[in-house]
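This is what each chain is made of:
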Amino acid sequence: AALQLCDKSWTAVSNGTTGDLRQAAQFAVDAWGGVLMRGHDCCVLLAAPYCYAQTIDIFDFSIPLLVLLFVMLFVCVSSKSCALWLR
């Protein structure tokens with residue numbers, strides 16, 4: 001399927017008109033993002049890095065989760081400390 005889209009893209013580039021170039025770009029993006037990367041990578045950005053991942057990694061949540069844990073621990077310890085200080 002990807003080879004067919006790449007062949008269509010090459011044919012559109014060979015024709016050389018503006019509409020064909022847009023169609024060629026669309027075929028190339030579909031071949032890469034839809035077929036080869038199976039929807040995990042989308043390459044539609046006009047500047048570097050050109051592509052972005054559409055999957056969620058477990059490490060994306062790890063830092064905010066650790067920060068939340070430290071804040072909760074700080075609140076617990078400080079509340080206990082204040083309770084002892086007010087006695």
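Peer 1: When you look at the overall build of the protein chain in this model, what are you seeing that I'm missing?
Peer 2: Looking only at helices and strands, the protein chain features three helices and two strands. The N-to-C order of helical and strand elements in the protein chain reads α-α-β-β-α. The 87 residues of the protein chain split such that 14% are buried. Here the contacts in the protein chain between residues at least 6 apart in sequence split such that 18% fall between residues at least 24 apart. On the protein chain, roughly 7,400 Å² of surface is accessible, and the fraction owed to carbon and sulfur atoms is 70%.

Peer 1: In this structure, what is going on with the environment of Val 29? I would like to understand it.
Peer 2: Structurally, the position occupied by Val 29 is in helix 2 (residues 18-36). As for Val 29 and Cys 6, which are separated by 23 residues in sequence, their C-alpha atoms are 9.4 Å apart.

Peer 1: Any chance you could explain the confidence of the model for the protein chain here in plain terms?
Peer 2: Regions with low pLDDT carry predicted coordinates that are not meant to be interpreted in detail. Mean pLDDT over the protein chain works out to 75, with 64% of the residues at or above the 70 mark. Here strand 1 (residues 41-42) is the element of the protein chain with the lowest mean pLDDT, 64, and helix 3 (residues 59-85) is the one with the highest, 86.

Peer 1: Is there a simple way to think about helix 1 (residues 2-15) in this case?
Peer 2: Residues spaced three or four apart along an α-helix point in a common direction, a consequence of the helix completing one turn every 3.6 residues. Here helix 1 is 14 residues long and its end C-alpha atoms lie 20 Å apart, about the 20 Å a rise of 1.5 Å per residue gives. For helix 1, every residue scored as buried is listed here: Ala 2, Leu 5, Ser 9 and Ala 12. Taken around the axis of helix 1, the buried residues stretch over an arc of 90 degrees, which confines them to a single face. Every exposed residue of helix 1 that faces more than 90 degrees away from the buried side is listed here: Leu 3, Gln 4, Asp 7, Trp 10 and Asn 15.

Reading guide: rules and limits
Residues numbered from 1 in each chain as written. Predicted model: local features only at pLDDT ≥ 70, side-chain atom pairs only at ≥ 80, totals over all residues. Heavy atoms only, no water. Helix = DSSP H or I, 4+ residues; strand = E, 2+ residues; numbered from the N terminus. Buried < 20%, exposed > 50% of the residue type's maximum accessible area, 1.4 Å probe, protein only. Contact = heavy atoms within 4.5 Å. Areas by Shrake-Rupley, 256 points an atom, 1.4 Å probe, with all protein chains shown as cover. pLDDT = per-residue confidence, 0-100. Expected span 1.5 Å × (residues − 1). Arc of directions from axis to C-beta.

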